[in-house]
Amino acid sequence: MAERADERVVGAARMLIVDDERPFGDFVKRIACRLGYETIVTTEAQAFKNAYVQARPSLVVLDLLMPDQDGIDLLRWLASQKCTGRILISSGVGDRVIEAARRVGLERGLDIAGTIVKPVRGSELRKILAGLLPRHPQSLGKTDLERALDQRELFVVYQPKVHLATGRLQGVEALVRWRHPTLGDLAPDRFLSLAEASGLIDALFHFVLNEALRQQYAWAISGIDVQMAINLSPLNMYDEGLADEIAARCREFGVATRRVTIEVTESAAMSDSLQALDILTRLRLKGFEVAIDDFGTGFSSLTRLRRLPVTELKVDRSFVRECLDAKDALGIVKTVLELARNLELVPVAEGLETPEQYRKLVELGCDFGQGYVISYPLLAESLSAWEAQWRMPDVYGEAASP
Ligand code: C2E
Ligand code: CA
Ligand code: CA
């Protein structure tokens, strides 16, 4: 049977349970949900059939013994529906009966994935269900991402950025994540190019923008005043009204535009397009800060850099990571910091992973930094707890320690 593309991906781990004992169905559901299955529980045959037709689950958990229709009948019905999903037969009637049912199913061309002999322990069930999750990385498509935007599977984490010499929290960078129902949490490298290729990058940007501004306002109310950095894809820059839109959202959320930094990658900012210059200029005119991200990885003309209305330079993490081990990386870090100073741009080091790197960047006079040694990207509610316990590395040597 031909699969519809969206069914193949979206329905990949949708589960339908039919069992006349509701508590058992709920028990299976609880475990399945934790594994990332989308789960529907039914307790009688007709409801099961209706749900099946609508949901086209990839996994059916079928009770053999039910008052209104037995499992063998349901297997026959599933075969008539050309069911391609996998089927787990569950029952408390004994191994022999289950085995017979299994054979009936197989003979009808159904994919009988296994059996559950009741009563079953949670740990055992978890093992069975986990083994039936799609093993290969699924290809994600436009429908998935649309659903993710629609059903709020996307969320935003925030990575603190600190003033290196004092350790003071200066701001956060909003980073998007996707809580995929079966694949777990996905980092942006799994879906940004999909968003760009499928025309959803503007929707994604607006999602992040709204989340971030709402959060920034909430923090401000609770006394945490942070600069908010938001990433822009080069493709977002084709939206003529972008600067106006972002400003309008800021007004709506009660956030001052100067408290928002828009980050564009070096290659996007430096591309010789008028469009980029136009957008960045408008953003600056409205009071936004503008950062050049991943600096050092593109090919900048210094002339263009000088003309660009930007305020911050973020040294790419690949150089920061190597700066203690590789002379050329250190050279690049020094050069970028020097360039930032000369052009009066705020220098930021990203990807600081060790106290040694942190110390080195302080020594080199870099003002701000981000990285795992400071904090991983955090859920919004964890920021204040992080701030309360955060201790910067001892950058001034033993003399400064208590
Ligand atoms: P980026 O803007 O350079 O963001 C920093 C990335 O480095 C983040 O990865 C962050 O988790 C990671 N990182 C932070 N500290 C360290 C560290 O100490 N070591 C290492 N190895 N990595 C560190 P993430 O969140 O996976 O994002 C990857 C990229 O995806 C971002 O790079 C950014 O270009 C893009 N991105 C993230 N969120 C968005 C978004 O909402 N919109 C757009 N257009 N792009 C986004
Ligand atoms: Ca960034
Ligand atoms: Ca970066």
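Being a predicted model, the structure only gives us computed values, none of them experimental.

Asks: Looking at this model, I keep getting lost on the site of ligand 1. Mind explaining?
Replies: Neighbouring ligand 1 are 21 residues, the closest being Gln159, Arg177, Asp293, Glu353 and Tyr372. One nitrogen or oxygen atom from the side chain of Arg177 is found 2.8 Å from an oxygen atom belonging to ligand 1. At 2.8 Å from an oxygen atom of ligand 1 is found a main-chain nitrogen or oxygen belonging to Tyr372. Taken by itself ligand 1 offers 790 Å² of open surface, and the protein chains cover 86% of this.

Asks: Where do I start with the packing of aromatic side chains in this structure?
Replies: Each aromatic ring pair is characterised by the separation of its centres together with the angle its planes make. Under the counting rule described, the total for this entry stands at nine aromatic pairs. Residues Phe48 and Tyr52 carry aromatic rings whose centres are separated by 6.4 Å and whose planes lie at 40° to one another, so their mutual orientation is tilted. Remark: Tyr52 and Phe48 occur in helix 3 (residues 45-55); sequence separation between them is four residues, near one turn of the helix. Considered together, Phe48 and Tyr52 belong to a single accessibility category, that of buried residues. Measuring from centroid to centroid gives 6.3 Å for Phe48 and Trp77, while their planes differ by 65°, and the two rings are edge-to-face. You can see Phe48 sitting in helix 3 and its partner Trp77 sitting in helix 4 (residues 71-80), a full 29 residues away along the chain. Of the two residues examined, Phe48 and Trp77, each falls in the buried class. Taken together, the ring pairs in this structure connect Phe48, Tyr52 and Trp77 into an aromatic cluster.

What counts, and where the lines are drawn
Along every chain, residues carry numbers that run from 1 in the direction the sequence is written. Written order decides the labels, with chains lettered from A and ligands numbered from 1. Two thresholds apply to this predicted model, a pLDDT of at least 70 for residue-level local features and 80 or more for giving and counting side-chain atom pairs, whereas whole-chain, interface and lining totals are computed over all residues. Only hydrogens and water are set aside; all other atoms, that is, all heavy atoms of the structure, feed into the side-chain values. It suffices for a single heavy atom of a residue to lie within 4 Å of a molecule or strand for the residue to be listed as near it. Polar contact is defined as a pair of N or O atoms within 3.5 Å, subject to the rule that within protein one atom must be able to donate a hydrogen and the other to accept it, and that residues adjacent in sequence are counted only when both atoms are side-chain atoms. Here the Shrake-Rupley method, with its probe set to 1.4 Å, supplies the accessible areas, and only the displayed protein chains count as covering residues. Pairing of aromatic side chains here covers Phe, Tyr and the six-membered ring of Trp, requires ring centres within 6.5 Å, and sorts the geometry by plane angle: under 30 degrees stacked, over 60 edge-to-face, intermediate tilted. Only DSSP runs of H or I reaching four residues or more are called helices, and only runs of E reaching two or more are called strands; each is numbered from the N terminus. The buried label applies to any residue whose accessible area, calculated with a 1.4 Å probe on protein chains only, is under 20% of its type's maximum; exposed applies above 50%, and partly exposed to all values in between.

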